[in-house]
Amino acid sequence: MVKLNNFELQNISGGGFKIGMIFGIGALITFFLGLIDGFARPLPCRK
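The residue count restarts for each chain, going from 1 along the sequence in the order it is written. Selection of residues for local features in this predicted model requires a pLDDT of at least 70, selection of side-chain atom pairs for listing and counting requires 80 or more, and totals for whole chains, interfaces and linings are taken over all residues. Excluded from the side-chain calculations are hydrogens and water; all other atoms, namely the structure's heavy atoms, are used.

Caption draft 1: Structural detail: the overall build of the protein. The helix and strand inventory of the protein stands at two helices and zero strands. Each of the three principal axes of the protein carries a C-alpha extent, and together these read 65 × 25 × 5 Å. Each helix is a run of DSSP H or I of at least 4 residues and each strand a run of E of at least 2, with the numbering of both proceeding from the N terminus.

Caption draft 2: Region of interest: the packing of aromatic side chains. Each Phe, Tyr or Trp ring, with Trp reduced to its six-membered ring, pairs with another whose centre is within 6.5 Å; inter-plane angles below 30 degrees give stacked pairs, above 60 give edge-to-face pairs, and intermediate values give tilted ones. Counted by the stated rule, this structure contains one aromatic pair. Between Phe31 and Phe32, the aromatic rings sit 5.4 Å apart at their centres with planes inclined by 70 degrees, giving edge-to-face as the arrangement. Relative accessibility under 20% of the residue-type maximum defines a buried residue, over 50% an exposed one, and the middle range a partly exposed one, all with a 1.4 Å probe and only protein chains included. What makes Phe32 partly exposed here is its relative accessible area of 46%.

Caption draft 3: Representation of the environment of Gly14 in the model. With respect to the helices, strands and loops of the structure, Gly14 is situated in the loop between α1 (6–10) and α2 (19–40). Considering only alpha carbons, one finds Gly14 and Gly24, 10 residues apart in sequence, at a separation of 18 Å.

Caption draft 4: Expanded view of the pattern of salt bridges. A pairing counts as a salt bridge when a side-chain nitrogen of Lys or Arg comes within 4 Å of a carboxyl oxygen of Asp or Glu. Counted under the stated rule, the structure contains one salt bridge. A salt bridge links Arg41 to Asp37; the shortest N-O distance between them is 2.8 Å.

This is how it looks when you write it as structure tokens:
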């Protein structure tokens, strides 16, 4: 096992959620819910 000094500990990155990932997951959930809603109750187009 290797012991890291303070500088090396501060430069460790990864393992966290980024804001873009949260928006991407939200967009996918919204898309699939809309897709299911469109098949479950199709509404006619209004002109």
